[in-house]
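# Summary of the model geometry
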Amino acid sequence: MCASSQPVSFQIDKELEIPSIPLVLIKIIQTLDADSGSAKQLEELILHDPALSARILRLANSAFYSFRARVKTISHAITLLGMNLVTSLAIGINIFDTFTKGAKGEAALINQLWTHSCGVGVLVRKIWSQKSGVPKEAEFAFLCGLLHDLGKVVLFKTYPGKYGPIFAAEKTETDMAISGYEEENYGVDHAVIGEMLAKQWGFPKELAGLIRKHHDLSETDTPMVAAVMLADQLAKELKIGYDGDHGLHSQAYLPEILSKLSISEGEWDRLKEFASQE
Ligand SMILES: [Fe+2]
Ligand SMILES: [Fe+2]
């Protein structure tokens with residue numbers, strides 16, 4: 001594991017040259033408000049960015065979404081996936097791209113984190129749509145899952161060549177979870193750092209709070225926190241991408257989280273089956 005230097009309190013504006021929020025992202029976030037956005041507007045924004053368009057099409061055609069027909073255009077993707085989901089994807093892709101630029105030698109690790117984040121997004125969405133049945137809320141749940149580990153992306157960017165080894169190191173049951181190593185080295189963990197950036201970028205309050213609380217067991221009374229924890233654990237166990245540890249410590253809390261979400265054993269088994277198929 002990395003040499004533990006004197007922990008310093010992480011200050012987002014001092015340590016990190018915060019990439020200014022890309023204009024396209026501000027516009028896309030504005031379309032999150034269903035009243036102000038339209039599918040046509042979203043399509044035009046995405047089409048303005050060829051790299052973003054290509055990645056959305058690739059995702060729409062990936063194993064995450066098993067559509068029979070090939071998704072060839074952005075408007076087709078919006079029709080099939082829904083406007084809110086495409087909006088969330090555009091936000092996630094844009095953020096990961098902004099931070100990955102220049103991450104020499106660590107792009108593969110960030111890609112693993114991206115796969116993990118997409119997986120958690122899909123799983124939280126599934127858990128939430130079973131629970132609430134409100135489609136708009138399920139799309140917000142997807143965004144929460146997609147961005148829960150935002151702080152790790154910031155750490156890759158802030159400490160090039162240094163955070164990667166901490167992230168990639170194999171951790172056994174006797175080792176700490178990744179948050180412990182982050183605290184040891186940077187004074188705070190990715191949950192705190194993620195919330196700082198989310199606030200700075202003017203993300204919805206609920207999303208910023210969720211990012212902060214997603215490992216805090218005293219917050220599991222908030223259903224979205226519990227749902228993200230559950231999806232995170234499931235993605236870790238099934239090795240959908242990688243987020244820096246395999247959740248060996250959090251396994252013990254699973255029964256408590258399931259009961260907070262009123263998920264029965266049968267429902268949990270079906271969820272695991274869904275996740276392994278996805
Ligand atoms: Fe996390
Ligand atoms: Fe995670």
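As a starting point, this report considers the structure included with it. If you're wondering where the values come from, they're calculated on a predicted model, not measured in any experiment.

Looking now at the coordination of the iron ion (ligand 2). All of the protein donors around the iron ion (ligand 2) are H116 (NE2), H148 (NE2), D149 (OD), D232 (OD) and D243 (OD); their distances to the metal are 2.2 to 2.4 Å. For the pair the iron ion (ligand 2) and the iron ion (ligand 1), the metal-to-metal distance amounts to 4.0 Å, and D149 bridges them. Note that D149 is positioned in the loop between α8 (135–147) and α9 (150–158) and D232 in helix α14 (residues 223–237), a separation of 83 residues in sequence. Here the two residues D149 and D232 agree in accessibility, since each one is buried.

What follows is about unusual backbone geometry. Of note, K239 is a non-glycine position whose phi angle comes to about 55 degrees, a positive value. Tracing the chain through its elements places K239 in the loop between α14 and α15 (254–260). Even without a glycine there, the phi angle at S262 is positive, about 50 degrees. Locating S262 in the fold gives a position in the loop between α15 and α16 (265–277).

Here we come to the layout of surface pockets. Of the pockets and cavities examined, the largest pocket occupies roughly 370 Å³. Residue lining of the largest pocket: 20 residues in total, with A177, H214, H215, S250 and Y253 positioned closest to the centre. Elements with a contribution of two residues or more to the lining of the largest pocket: α11 (178–186), α14 and α15. With five residues, α14 is the largest single contributor of residues to the lining of the largest pocket. Considered class by class, the residues forming the lining of the largest pocket number nine nonpolar, seven polar and four charged.

Time to look at empty space enclosed by the protein. In the structure shown here, the tally under the stated rule is two cavities of 30 Å³ or more. The calculated volume of the largest cavity comes to roughly 40 Å³. Surrounding the largest cavity, K171, T172, D175, M176, A177, D245, H246, G247, L248 and H249 form its lining. Quantified by volume, the second largest cavity comes out at close to 30 Å³. What lines the second largest cavity is H116, A235, K236, K239, I240, G241, Y242, D243, D245 and H246. Taken together, the residues of the lining of the second largest cavity break down into three nonpolar, three polar and four charged.

The rules behind each value
- What you see as residue numbers is a count from 1 along each chain, following the sequence as written.
- Chain labels run from A onward and ligand labels from 1 onward, assigned in the order the entries are written.
- With the structure being a predicted model, the display of local features is reserved for residues of pLDDT at least 70 and the display and counting of side-chain atom pairs for 80 or more, all residues being used for whole-chain, interface and lining totals.
- Note: side-chain values were computed over all heavy atoms of the structure, leaving out hydrogens and water.
- A donor here means any N, O or S atom no more than 2.8 Å from the metal (3.2 Å for Na, K and Ca); water is not included, so a site may seem to lack partners.
- Helix and strand labels come from DSSP, where a helix needs a run of H or I of at least four residues and a strand needs a run of E of at least two; each type is numbered from the N terminus.
- Working definition: with a 1.4 Å probe on protein chains only, accessible area under 20% of the residue-type maximum means buried, over 50% means exposed, and in between means partly exposed.
- Cavity: a set of points on a 1 Å grid over the protein atoms alone where a 1.4 Å probe fits but cannot get out. Pocket: an open set with protein on both sides within 12 Å along at least five of seven lines, its lining residues, like those of a cavity, having an atom within 4 Å of a point.
- Grid points are joined across faces, edges and corners, and a volume is the space filled by probe spheres set on the points.
- For this classification, Asp, Glu, Lys and Arg are treated as charged, while Ala, Val, Leu, Ile, Met, Phe, Trp, Tyr, Cys and Pro are nonpolar and the rest, including Gly, are polar.

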